[in-house]
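Summary of the model geometry
Chain by chain, the residues:
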Amino acid sequence: MSVIIIGAGLGGLSLAHGLRRAGIPCQVYERDESAGARKQGYRLHIGGVGDAALSEVLRPELHELLRATAGRALPHTNVYDDRLRLLTRLEDEGTHLNVNRFTLRQILLHGQEVRYGKRFTHYETDEDGVTAHFADGTSARGSLLVGADGINSPVRQQYLPHARVVDAGLVHLYGRIPLTPDTRALFEPEMFAVFSMMLGPDRTMAGFAPVDYPEPVADACARLVPDLRLRDDRPYMTCSVGARWEVVGHTEAELAAMTPGDLQKIALGLVDGWHPLARAMVGHWDVPATFPQPIRTSVPIGPWEPSRVTLAGDAIHAMSPAGGAGANTALRDGAALASALAGAPLLEAVAAYETAMVDYGFAAVRESAENGHRYLGQNPLTAGG
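Only a predicted model underlies this, so the values are computations on that prediction, with no experimental measurement involved.

**Topic: the pattern of salt bridges**
Under the criterion given, the structure shown has 13 salt bridges. Close ionic contact of Arg67 with Asp51 constitutes a salt bridge, the shortest N to O distance being 2.8 Å. Of the two residues, Arg67 is situated in helix α3 (residues 60-68) and Asp51 in helix α2 (residues 48-57); the sequence distance between them amounts to 16 residues. Measuring nitrogen to oxygen at the nearest pair gives 3.7 Å for the salt bridge that ties Arg223 to Glu64. Here the residue Arg223 occupies a position in helix α7 (residues 217-224), and Glu64 occupies one in helix α3, the gap between them amounting to 159 residues. Look at the salt bridges and you will find they share partners, linking Glu64, Glu215 and Arg223 into a network.

In structure tokens, the structure reads:
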């Protein structure tokens, strides 16, 4: 058995580690020119599901390094109004690791061979295997093709053309606040939590969460994985300002064409008149690191016939960030598929994986959509969801 993985995101790399630990050959192909070619967000919350998946697929020293570079957030989510009055505090005593997304990705890339600049175009299957074709005219042959290629997945578009991804009605402007003695003083101790958000009367949201390192990153690498040098090591508070498109007043194309400074001005306008903390947070953004992110969601579908092609992560169950489950579910996909392939013939393994994944993946999509609708004014899931 050999596996072709399209996409070097969290799900694809989780799968690659799991397959290698099981002794199953695989190759990862990524359309980007390098690991850091695109801005993909900052802090991620890794809960019990994601941490268990990482423990299963990673070598022990890599998993320990992840935990050594992850902040231990207070186990709650704070919901404030725009005057910073606490509306509710959602408690959860489970695992809560606030991680730098790129730090996690660097750890997942360690020891993996990824072929960059490989834009997948289509695949062909036959009785003996599957062939993936790329825009540069090359191809790859394997027993199984896994589309872990994100929300706009070309693999999904060919394999499950009826599976839809829809606009959630929201856009977020992402920024980050370097944590210095001055900026730390902006936040009360209880705000160093899993997540905090301020909600305006029109469902505009200013959300924030810390990424703090328990020990110097270089020391953790030297102690656990001496041949790995993690690039980012400075603590920060991730901060996004999100609203419905009609409140923002700009199209996706207009936002994409703006400078980071212009995006910051829009964010400041969205929190105008709020508690001073909101403007202070946006005012302290690391401006060049600012970018817009439209929010989309998959529409759940029923099961399909298993084959030599399958999907993982956002390629099949993209979801609103309102549930904090997207990254954890993608990591779970990788671990679940690797485990299935290690224990059963290919089509049986794919069938078992897809049966479980459709259940837990679309359950997370629905929960995220419900949270997004309740707190942020996200569109309800369309018919069939």
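On we go from here.
**Looking at the sheet that holds strand β14 (residues 193-199)**
With respect to topology, seven strands assemble into an open sheet ordered β6-β5-β14-β15-β16-β13-β17, the strand pairing being mixed. In the strand order of this sheet, the two ends are held by β6 (86-91) and β17 (291-298), each with one partner. Here the strands of the sheet are splayed against their neighbours by 20 degrees on average, with no regard to which way each runs. Where strand β15 (residues 205-211) and strand β16 (residues 236-244) come together, seven bridges link them in antiparallel fashion. Each residue of the ladder has a partner; that of Val211, found in β16, is Tyr236. The strands that helix α11 (residues 276-283) touches are β13 (165-178), β14, β15 and β16; relative to β15, the one it contacts most, it runs at about 60 degrees. Against the sheet, helix α14 (residues 346-376) touches β5 (74-81), β6, β13, β14, β15, β16 and β17, its axis set at about 40 degrees to β14.

**Considerations on the packing of aromatic side chains**
Within this structure, the stated rule accounts for six aromatic pairs. Relative to Tyr236, the ring of Tyr42 has its centre 6.1 Å away and its plane inclined at 70 degrees; by these criteria the two rings are edge-to-face. Of this pair, Tyr42 sits in the loop between β2 (26-29) and β3 (43-46) while Tyr236 sits in strand β16, placing them 194 residues apart in sequence. With a relative accessible area of 10%, Tyr42 lands in the buried category. The buried category is assigned to Tyr236, whose relative accessible area is 4%. Residues Phe187 and Phe208 carry aromatic rings whose centres are separated by 5.6 Å and whose planes lie at 40 degrees to one another, so their mutual orientation is tilted. Taken together, the residues Phe187 in the loop between α6 (181-184) and β14 and Phe208 in strand β15 connect sequence positions 21 residues apart. Taken as a pair, Phe187 and Phe208 share a single burial class, namely buried.

**Re the UniProt feature "domain: FAD-binding" (unreviewed entry) in the chain**
Those places that UniProt annotates as "domain: FAD-binding" (unreviewed entry) correspond, in this numbering, to residues 2-159 and 304-342. Along residues 304-342, the helical share is 54% and the strand share 8%, with 22 Å between the first and last C-alpha atoms.

The rules behind these values
- Residues numbered from 1 in each chain as written.
- Predicted model: local features only at pLDDT ≥ 70, side-chain atom pairs only at ≥ 80, totals over all residues.
- Heavy atoms only, no water.
- Salt bridge = Lys/Arg side-chain N within 4 Å of Asp/Glu carboxyl O.
- Helix = DSSP H or I, 4+ residues; strand = E, 2+ residues; numbered from the N terminus.
- Pairing = 2+ DSSP bridges.
- Axes fitted to C-alpha atoms, helices over the stretch in contact; angles between N-to-C directions.
- Contact = heavy atoms within 4.5 Å.
- Phe/Tyr/Trp six-rings, centres within 6.5 Å; stacked < 30°, edge-to-face > 60°.
- Buried < 20%, exposed > 50% of the residue type's maximum accessible area, 1.4 Å probe, protein only.
- UniProt positions renumbered as here; feature names shortened; annotations may be inferred.

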